[in-house]
Amino acid sequence: MSRSVLVTGGNRGIGLAIARAFADAGDKVAITYRSGEPPEGFLAVRCDITDAEQVEQAYKEIEDKQGPVEVLVANAGVTKDQLLMRMSEEDFTSVLETNLTGTFRVVKRANRGMLRAKKGRVVLISSVVGLLGSAGQANYAASKAGLVGFARSLARELGSRNITFNVVAPGFVDTDMTKSLTDEQRQSIVGQVPLGRYAQPEEVAATVRFLASDDASYITGAVIPVDGGLGMGH
Ligand code: NDP
């Protein structure tokens, strides 16, 4: 059965791989993008998730063109790395505003239709560093840890409405976000990963698709690592 799926930040990186995985399975997929030319094959809606009005407009367009969102993947996210002593309040709040408050916005809006349909699947993209911590990423790690409390609260609040909320916590994935790391940093990271390599975006996408599938009907409030073993024990 073809469902109406929304992937925020589905225009590139992990989000694009997730969007492709759903489209390949026959779902109707909408993606958000902020600028430039979005990839073809999806309903591309221009939307910055830090802007409530743009989020509302995006949902209206999606509802109009492919129906209420039945599967939401909140993937859009940013980093602004800095050591605490050099981290400005803006560095902190802007990352929280996108990764946590932006996710709140898109989840809240999706829930309207899910409550009406009496079913829904929500998958939030967190990170291994939300649980493990990461020097120089206090803002990012706090936002990603926040997603866990957010998802688990909603899993309790809306479980009786047949809506599941799960979190995927990737390790290091080969995308634009990790391209800025130096070769030395990459070597050091890979040295700590039991599987000894970065993930490909498609490996994260497969887990997201599973969590949105019938096979995951009894899974909610879970945090699933896709990190090559980097965060084991957390
Ligand atoms: P990229 O930097 O490649 O892509 C980020 C995506 O988020 C882009 O599509 C970007 O849109 C979108 N985005 C950022 N800010 C906003 C905003 N305000 N409104 C709408 N969209 C926005 O990142 P990845 O693909 O690597 O990461 C995707 C998710 O996975 C993120 O949440 C990230 O934190 C998480 N993650 C990534 C890891 C990695 O190693 N790469 C590891 C663990 C988690 P635009 O093109 O318009 O900029």
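Conventions used here
Residues numbered from 1 in each chain as written. Predicted model: local features only at pLDDT ≥ 70, side-chain atom pairs only at ≥ 80, totals over all residues. UniProt positions renumbered as here; feature names shortened; annotations may be inferred. Near = placed C-beta within 6 Å. Helix = DSSP H or I, 4+ residues; strand = E, 2+ residues; numbered from the N terminus. Nonpolar A, V, L, I, M, F, W, Y, C, P; charged D, E, K, R; others polar. Pairing = 2+ DSSP bridges. Axes fitted to C-alpha atoms, helices over the stretch in contact; angles between N-to-C directions. Contact = placed C-beta atoms within 7 Å. Core = buried A, V, L, I, M, F, W, Y, C linked by C-beta atoms within 7 Å. Buried ≥ 20, exposed ≤ 12 C-beta atoms within 10 Å, placed from the backbone.

Taking an unreviewed UniProt entry as the reference, the protein is identified by name as 3-oxoacyl-[acyl-carrier-protein] reductase belonging to Streptomyces monticola. UniProt annotates the protein under Catalytic activity (unreviewed entry) with the comment "a (3R)-hydroxyacyl-[ACP] + NADP(+) = a 3-oxoacyl-[ACP] + NADPH + H(+)".

1. Brief notes about the site of the ligand
Around the ligand, 30 residues are found, and the nearest of them are G9, G13, R34, G77 and T175. If you list the elements that add at least two residues to the shell around the ligand, you get α1 (13-24), β2 (28-33), α3 (89-117) and α6 (176-179). Split into classes, the residues belonging to the shell around the ligand amount to 11 nonpolar, 15 polar and four charged.

2. Some details on the sheet that holds strand β4 (residues 71-74)
Each strand in a sheet pairs with its neighbour through backbone hydrogen bonds, running either in the same direction (parallel) or in the opposite one (antiparallel). The sheet built from seven strands is open, its strands ordered β3-β2-β1-β4-β5-β6-β7 with parallel pairing. The strands lining the two open edges of the sheet, one partner per strand, are β3 (43-46) and β7 (223-226). Within this sheet the neighbouring strands show an average axis-to-axis angle of 20°, counted without direction. Strands in contact with α3 are β1 (4-7), β4, β5 (120-125) and β6 (163-170); relative to β4, the strand with the most contacts, it is inclined by about 170°.

3. With respect to the UniProt feature "domain: Ketoreductase" (unreviewed entry) in the protein
According to UniProt, the positions carrying the feature "domain: Ketoreductase" (unreviewed entry) are residues 3-176. Regarding residues 3-176, the helix share stands at 48% and the strand share at 18%, and the terminal C-alpha atoms are separated by 29 Å.

4. Some words on the nonpolar core
In terms of nonpolar packing, the biggest core is built from 61 residues, with I18, L72, V204 and V208 touching the most fellow members. Examining the composition of this core, we find that seven residues originate from one element, α1, more than from any other. For V208, the residues in contact, after removing those within four places along its chain, are I18, V73, V123 and V168.

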